[in-house]
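# Inside the fold
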Amino acid sequence: MTAVCSAALALLPACRGERPGAPVAGSWHNEQYAITAGSVSFSGGDALLVTSDSTAELRSRDMESAEATVAPIPPGIPLFESDDPLLTFLYRLEAATDTLPTRGRPYLPYTLYINPLPADRAAGLLAERLRNDLPIPPELPRYSWPVVRDNAQWLMAASETALAGGDGRWTKRVFSAARQLLELDLRMALNRRCGLFEGTPRYLLGPVSLFPDWLQPVDLFQNMTLSENASYHAALSNIERIAAHDKTDPGIPYPSSALRDAVNTRLWNPASGCYGAALYGNPEFPVRLHSADNAAQAVAILGGTASEAMAASIAARTPVGPFGPEMLTPRWNGDSVSANEFPPILLNTLWMAAMSATPNETAYSAAVAALIARRAAALLDGRSHPEMSAVRPIASLVLRGFLGAKFAPEGMYLYPAVPAELSGDKRVTGLRYRGAILNIRITGTGRILSTFTIDGKSAAPFIPADLEGDHEITITLAGPSAEPGEITIASQPAALPPTPAVAWPTPLDARLRSGNGATLADDGYAVYLNGILDQVIISPDYKVCAPRELTSVQFSGVADSKPAGFASAPHIVYPKGWETIIRASDHAVPGTRLINDRKRAAGIVESNRWKNRAVSFRFDAPEAGVYLVDVRYSASLGIVNPHRRTSLRRLKANDVEAGILVFPQYSPAWWHRDTGDDWQLPATYSTQLAVELDKGQNKLELVYFQPSPVYIDPLANALLFDLVRIRRVGNESRKP
């Protein structure tokens, strides 16, 4: 259930669907908590009562109490004071642990992107991930690079740190990493039909995949997620701005504007007014997911991927509760993201920063309240929360919210925003920005600037990059807007309908069952042909018309007027003669010692750095046009050798590289005690590449490809394959 409200106090249950009155200064109230000056009280009876800027009473629901005391704040940490003692206490509590190590946390790039100050420390933490100027890839028990990817997120944070710090040596390293990453990803991970990068962020895969079971490692790699692409766009945009300012060539052939246009064309859901979290399924005909990844949406707003109209729509139409939005809305089959991979307070912080960047004061106020409430709740639950020192939510609120800092090569622009509920002065002392030390006083609320002075002189809200020494800055805000904006209130988390189970008794006849075992979904099934919604059916039986071209068929459940759920695995049908299978053993030296069954091994081609480095074959194309090429291979080498996590091969068509094929391997985490020697048997198809072929004879070639050892050990880049599959798509050309 959702409703639209038009002020921050809209979090009150009583005002769902109504227009409440003006916000009360220093006050938020809803069914979960009440925030007033100096305290946070929760509906269950727990309360945080601030008694001084360094102490607070922690009161439990049974009226027992304890005292929280702030340790001394280390030298060099900026100080913050507010007329509201709650904010002062929470900031000091956080600042006292600001020097704790944060390395090793998978979400670190996001925290440093939101708050890259001090820039030298942020750069140092990010540099620890580098080897040969490449970020060391992540690994999960079941998945590794390139299935699970966070290079774009690392580059996003690194480029933001370069903007904030202006350190030439660090900027040079960031540019070097960007060139190497893009050189590989443009060949391996760019879906040229969609213009989007493939790959899935680790928080959607760890500790277990949140995707339906039919998405195996190859399918997960071929996902095109908003997280990957919004992060890449933010990074490329930053790098282009630095290069333009320095009048240098970044050496990156894919412009950020092209990626932004692809994201906004392919991933935007007009019906929901939000982005879809991913395109998935067959990469030639992907289906857009009708669920949002709200961390990725926040990055899309902050990094400039979303237009102003899109950002406004996201702010108004994303369902939020008292503690902010869910990570995934609706949830995927009831699952949520692991807090170890992406802490809820990090989502609150990202969302606050994103809402600050929109004109929707209601959404921003609600985001600030949710952030404060979650921070207070963590203090009261009696558990250790090391993620707080990594995320620094209150410091980020000051930097990205109250100050509205936006970094650029020429300096730091300020777009201050203070919720109407937080009236009174706010003072920041000792904020280091490049060579300057800034002491800032903010008076008033809202986001309309009344006055801005530097050392007593009226100025634009901008801190030049070459400013040095101590400076006094005053900011006066003119009050809240007469049109604060609206938000959508979620009464309870919603979940996508389950993925239907589909059986194909014949290639053209489907029998469907809903994911919960019923013969019929509540409201039927959505039918997708080549990634496009064709119709909604209520019968569990579906017959595909005799295909006139290659067609991908998928079904998703539709229930209770909810968005359509995840679709079933693609089922490919095609006219007779549109698929060709080529046996690898007819074109290369067969045989391998890695498979015990000698008879089966005789039909296998082993390719590694010494053997069958290049395997070529001829294909007689009936028509000129686009063809899909993939390779059947053994996907289980990693079960018995954990170093063999993936292998890569170049695909050349008529002596021109078409791209890089990816062959992910199962890891030892997939082994089961009943597997025995059957680990040798699982086979699947590689990623697929679309290639343009001429009518008649064409030469295709699989060539050993070794990226940097940072990503694949050359000794482990081994491949066992037996078939090459070629399927005709059509006569359309993909040439620019």
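The coordinates are above.
Everything in this summary refers to the structure shown in the same document. (Residues numbered from 1 in each chain as written. Predicted model: local features only at pLDDT ≥ 70, side-chain atom pairs only at ≥ 80, totals over all residues. Heavy atoms only, no water.)

### Structural notes on the packing of aromatic side chains
For the structure shown, the criterion picks out 23 aromatic pairs. With a centroid separation of 5.1 Å and 70° between ring planes, the pair formed by Tyr110 and Phe342 is classed as edge-to-face. Separated by 232 residues along the polypeptide, Tyr110 in helix H2 (residues 108–114) and Phe342 in the loop between strand E20 (328–329) and helix H11 (344–356) bring together distant segments of the chain. You can call Tyr110 buried: its relative accessible area is 5%. Assessed through its relative accessible area of 3%, Phe342 is described here as buried. Cluster of aromatic residues (ring-pair linked, three or more members): Phe211, Trp214, Tyr280, Trp332 and Phe566. (Phe/Tyr/Trp six-rings, centres within 6.5 Å; stacked < 30°, edge-to-face > 60°. Helix = DSSP H or I, 4+ residues; strand = E, 2+ residues; numbered from the N terminus. Buried < 20%, exposed > 50% of the residue type's maximum accessible area, 1.4 Å probe, protein only.)

### Some remarks on the pairing of strand E35 (residues 551–557)
With seven of seven residues buried, E35 is to be regarded as a mostly interior element. Here E35 shows two buried faces, one formed by Thr551, Val553, Phe555 and Gly557 and the other by Ser552, Gln554 and Ser556. By the bridge criterion, five bridges tie strand E32 (residues 525–529) to E35 in an arrangement that is antiparallel. Directly across from Tyr525, in E35, lies its bridge partner Gly557. Where E35 lies against strand E36 (residues 571–573), three bridges are found, and the strand directions are antiparallel. Bridge pairing in E36 places Ser552 opposite Ile572. (Pairing = 2+ DSSP bridges.)

### Examining the packing of H11 against helix H12 (residues 361–380)
Running from N to C, H11 and H12 cross one another at 155°; their axes reach a closest spacing of 8 Å. For the element pair H11 / H12, the angle class is roughly antiparallel. Along this stretch, H11 crosses H12, giving a crossing that reads as left-handed. Along the contact surface, H11 presents Pro344, Ile345, Asn348, Thr349, Trp351, Met352, Met355 and Ser356, while H12 presents Ala363, Tyr364, Ala367, Val368, Ala370, Leu371, Arg374 and Arg375. Per-class residue counts for the contact of H11 with H12 are eleven nonpolar, three polar and two charged. (Axes fitted to C-alpha atoms, helices over the stretch in contact; angles between N-to-C directions. Parallel < 35°, antiparallel > 145°, perpendicular 65-115°, else oblique. Left-handed = near helix turned anticlockwise from the far one by under 90°. Contact = heavy atoms within 4.5 Å. Nonpolar A, V, L, I, M, F, W, Y, C, P; charged D, E, K, R; others polar.)

### Some thoughts on the sheet that holds E36
With antiparallel pairing, four strands are arranged side by side in an open sheet as E33-E32-E35-E36. The open sheet has two free edges, formed respectively by strand E33 (532–537) and E36, since each of these has just one partner strand. Between one strand axis and the next, the sheet turns by 30° as a mean value, whatever way the strands run.

### Brief notes about the pattern of salt bridges
In this structure the tally under the stated criterion is 24 salt bridges. Asp722 serves as the salt-bridge partner of Arg632, at 2.6 Å between the closest nitrogen and oxygen. Here the residue Arg632 occupies a position in strand E40 (residues 625–634), and Asp722 occupies one in strand E46 (residues 719–730), the gap between them amounting to 90 residues. Taking the relative accessible area as the measure of exposure, Arg632 reaches 29% and is therefore partly exposed. With relative accessibility at 15%, the residue Asp722 sits in the buried group. Through salt bridges with shared partners, one network takes in Glu183, Arg187, Arg650 and Glu657. (Salt bridge = Lys/Arg side-chain N within 4 Å of Asp/Glu carboxyl O.)

### Quick look at the sheet that holds strand E24 (residues 436–443)
Pairing is mixed across the open sheet formed by six strands, whose spatial order is E8-E23-E24-E28-E25-E26. A strand with exactly one partner marks an edge of an open sheet, and here the two such strands are strand E8 (79–82) and strand E26 (457–458). For strand E23 (residues 426–433) and E24, the ladder comprises six bridges, and the chain directions are antiparallel. Residue pairing across strands places Leu431 opposite Leu438, the latter belonging to E24.

### Looking at unusual backbone geometry
Put simply, Leu117 and Pro118 share a cis peptide bond, and its omega is -5°. Following the sequence through the fold, Pro118 ends up in the loop between H2 and helix H3 (119–127). Between Gly206 and Pro207 the backbone carries a cis peptide bond, its omega angle lying at -5°. Here Pro207 shows up in the loop between strand E12 (196–197) and helix H6 (217–222). We note that Lys247 has phi near 55°; this positive angle belongs to a residue other than glycine. Structurally, the position occupied by Lys247 is in the loop between helix H7 (226–246) and helix H8 (256–266). You can call Lys247 exposed: its relative accessible area is 77%. Positive phi, normally seen in glycine, also occurs at Arg434, with a value near 50°.

### Comments concerning the packing of H3 against helix H4 (residues 151–165)
As a packed pair, H3 and H4 sit with axes 9 Å apart at the nearest point and diverge in direction by 155°. As summarised for this structure, H3 and H4 are arranged roughly antiparallel, according to the angle between their axes. For the crossing formed where H3 meets H4, the hand is left-handed. Between H3, through Ala119, Ala122, Ala123 and Leu126, and H4, the contact on the second element is made entirely by Trp154, Ala157, Ala158, Thr161, Ala164 and Gly165. In the contact of H3 with H4, the residues fall into eight nonpolar, two polar and no charged.

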